[in-house]
Amino acid sequence: MTRQISFRDLKDLSASLDGQVSRAKGSRLGARLRHETELAAELESLRRVRDLLRQTPRRHARRRFLLTPRMAGIKPPVPRLVPAFSWASALALLFFIFTLGGSMLSRFTFGAAAPMAAAEPQGIGGGPTREESMVTAPDVEAGDSALTATPETLTMMVPEPTYAPAPGERTTAPPDDNQLKTPTASLNPWMLIWAGLALALVVAALVTRWLGVRAFRRRAR
Amino acid sequence: MDEPALIHAAQRGDLDAFNSLVLSYQDSLFNTALRILGDEDLAADATQDAFLSAFRALNSYRGGSFKAWLLRTVTNACYDELRRRKRRPTTPLEPETGEGEEMESPRWLADPAASPEEQLDQAELEHALQHCLEALPTDFRAVVVLADIEGLDYSEVAQVAHVPLGTIKSRLARARLRLRDCLHGFGELLPAAFRHVEERGA
């Protein structure tokens, strides 16, 4: 007696080819296969299909699929020497130069006001304050004041002369602008040298880093 | 270095270790992609994409068969390609014979070590099989390629396809039955043993 073959039977037959049925199901199938020729023919046809698939020629890749650091998105580590010239150091140096340059520029631009600015900290640091200098200014001889007094103190001194010269008497000539300039207003050549050196260092750092990273990445590629 | 050690090193970002794994499995992944997609260039692209995805997602690998894990990535890459192809269908260029007719299968891909007759038989059989494979629904095709061509066991196929074992059995049985019916149409191209059985069974 033969039973109609269901998909479930075919699924079990297919699985039995690969040993993927339970022992109980396998023995039931075996018993049926001995009596049902159609079922046996189905099993055989499925086996042939599977064997044919297993004979399918294997193709080998014509190229290798190795990943490069670039493909994998790996950034090559920076060479050991280069971190000394890292971007952060270069930027810090750049800020330093800006600060230095700004300081120097302010000395150039506000050269006339600089002595006043320099005079105030003296008061804080224990030196004579503005009021003190006003008080003591009349005591200072005119020759000395040309070297040390600020323009403000000098102008404040003008309306309050200590004595009125007699008509025809020669008075001391007012100090000219050149005489008012203090030694601190002139440019220190060492600052220029330092600024030049710092700038050269920044440029060297940037160029070295760029060259180093480029060479390293080329090697790593 | 053994495979677990290579995987561990690759997970820490060692690209050389990962490339050693690539060399071990590239033929398997390429062959799977080729059988699913039926095109060498697309298969090569899918294989490359799969290895790249695998490297990026390597930390999500939690043990088990590494080959199955890699085959899952290539199967996904093939599914992506098939979806793309469905959106933008193209006609493949077939090589021409001396008479200017299109050849159905590129013969120069055959194994050069075989005799001309064997090469011809092999090429024809491969063409017939590939034709029938491509006629299968994608899910069935992937399962039959993994189980019968790549030789994975059912649990590995289930891991790759991310479906239960029962579904794998069912898909594989349906795929084999459909392939059997499809291969009937190629009669004389099939090996003698296959033809005799089919004639007896018919």
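Residues numbered from 1 in each chain as written. Chains lettered and ligands numbered in written order. Predicted model: local features only at pLDDT ≥ 70, side-chain atom pairs only at ≥ 80, totals over all residues. Heavy atoms only, no water.

Below, the discussion takes up the overall build of chain A. Each helix and strand in chain A was counted, giving 11 helices and zero strands. Listed N to C, the secondary structure of chain A is α-α-α-α-α-α-α-α-α-α-α in terms of helices and strands. Burial status across chain A gives 23% buried among its 221 residues. The long-range share in chain A, meaning contacts at least 24 apart out of those at least 6 apart in sequence, stands at 75%. Total accessible area on chain A is roughly 15800 Å²; 62% of this is exposed by carbon and sulfur atoms. (Helix = DSSP H or I, 4+ residues; strand = E, 2+ residues; numbered from the N terminus. Buried < 20%, exposed > 50% of the residue type's maximum accessible area, 1.4 Å probe, protein only. Contact = heavy atoms within 4.5 Å. Areas by Shrake-Rupley, 256 points an atom, 1.4 Å probe, with all protein chains shown as cover.)

Before going further, it helps to spend a moment on the interface of chain A and chain B. Contact with chain A, which involves 36 residues of that partner, is made by 51 residues of chain B. Carbon and sulfur atoms supply 63% of the area buried between chain A and chain B, which totals about 4100 Å² over both sides. Where chain A meets chain B, there are six salt bridges. For B:Glu40, the salt bridge goes to A:Arg59, with nearest N and O atoms at 3.0 Å. Summed over the shared surface of chain A and chain B, the result is 18 residue pairs in polar contact (both at pLDDT 80 or more). (Buried area = accessible area lost by both parts, 1.4 Å probe. Salt bridge = Lys/Arg side-chain N within 4 Å of Asp/Glu carboxyl O. Polar contact = N/O pair within 3.5 Å; in protein donor to acceptor, adjacent residues only side chain to side chain.)

On to the state of the cysteines, then. All names here are of chain B. All chains considered together, the criterion is met by one disulfide over all chains. A sulfur-sulfur distance of 2.0 Å marks the disulfide that ties Cys 132 to Cys 182. Where Cys 132 bonds to Cys 182 through sulfur, the torsion about that S-S bond is close to -80°, and the disulfide is left-handed. Here Cys 182 lies in helix H8 (residues 165-184) and Cys 132 lies in helix H5 (residues 116-135), a separation of 50 residues in the sequence. (Disulfide = S-S within 2.5 Å.)

For the coordinates displayed, the defined rule picks out eight aromatic pairs over all chains. With a centroid separation of 5.2 Å and an interplanar angle of 80°, the aromatic rings of B:Tyr61 and B:Phe66 are classed as edge-to-face. Accessibility assignment for this pair places B:Tyr61 and B:Phe66 in one class, buried. Clustering of aromatic rings is evident, with ring pairs tying together A:Phe65, B:Phe18, B:Phe30, B:Phe51 and B:Phe55. Directly above the aromatic system of A:Phe7 lies the positively charged group of B:Arg174, at a separation of 3.9 Å from the ring centroid. (Phe/Tyr/Trp six-rings, centres within 6.5 Å; stacked < 30°, edge-to-face > 60°. Lys NZ or Arg CZ within 6 Å of the ring centre and 35° of its normal.)

Next up on the list: the side chain of A:Ser45. All names here are of chain A. Mapped onto the elements, Ser 45 comes out in helix H3 (residues 37-54). You can call Ser 45 buried: its relative accessible area is 6%. Looking at Ser 45, its side chain comes within polar contact range of the main-chain oxygen of Glu 42, at 2.8 Å.

Residues and elements named next belong to chain A. For chain A, the average pLDDT comes to 71, and 56% of its residues sit at 70 or higher. Taken element by element, chain A is modelled with least confidence in helix H8 (residues 142-148), mean pLDDT 46, and with most confidence in helix H1 (residues 7-17), mean pLDDT 94. Here residues 117-149 is a poorly scored stretch, pLDDT under 50, and it has 17 contacts once near neighbours within four places are set aside; other chains count. (pLDDT = per-residue confidence, 0-100.)

Taking 1.5 Å of rise per residue, 20 residues should cover 28 Å, and H5(B) covers 28 Å from first to last C-alpha, within 8% of that figure. Along its buried surface, H5(B) packs onto H3 of chain A together with helix H2 (15-37), helix H6 (138-149) and H8 of chain B. (Expected span 1.5 Å × (residues − 1).)

All of the buried residues along helix H7 (residues 154-161) of chain B are B:Tyr154, B:Val157, B:Ala158 and B:Val160. Down the axis of H7(B), the smallest arc covering the buried residues is 160°, so these residues share one side. Those residues of H7(B) that are buried lie in contact with H1 of chain A together with helix H4 (66-87), H6 and H8 of chain B. Where H7(B) ends, the next residue or the one after it, B:His162, has phi of about 60°, a positive value. (Arc of directions from axis to C-beta.)

Once that is clear, we can look at a nonpolar patch on the surface. Taken together, the side chains of A:Leu199, A:Val203, A:Val207, A:Trp210 and A:Leu211 define a hydrophobic patch exposed on the protein surface, amounting to about 470 Å² of accessible area. Position of A:Val203 among the secondary structure elements: in helix H11 (residues 189-220). (Patch = residues over 30% accessible without salt bridge, like charges linked within 9 Å, V, L, I, M, F, W, Y side chains within 5 Å.)

Counting 71 residues, the largest nonpolar core has B:Phe18, B:Phe66 and B:Val144 as its most contacted members. Here this core takes 12 residues from H2(B), the largest share from any one element. With near-sequence residues (within four places) excluded, B:Phe66 lies in contact with B:Glu3, B:Ile7, B:Leu21, B:Tyr25, B:Leu58 and B:Tyr61. Among the nonpolar cores identified, the runner-up in size contains eight residues, and A:Leu10, A:Leu39, A:Leu46 and B:Leu177 belong to it. (Core = buried A, V, L, I, M, F, W, Y, C linked by side-chain atoms within 4.5 Å.)

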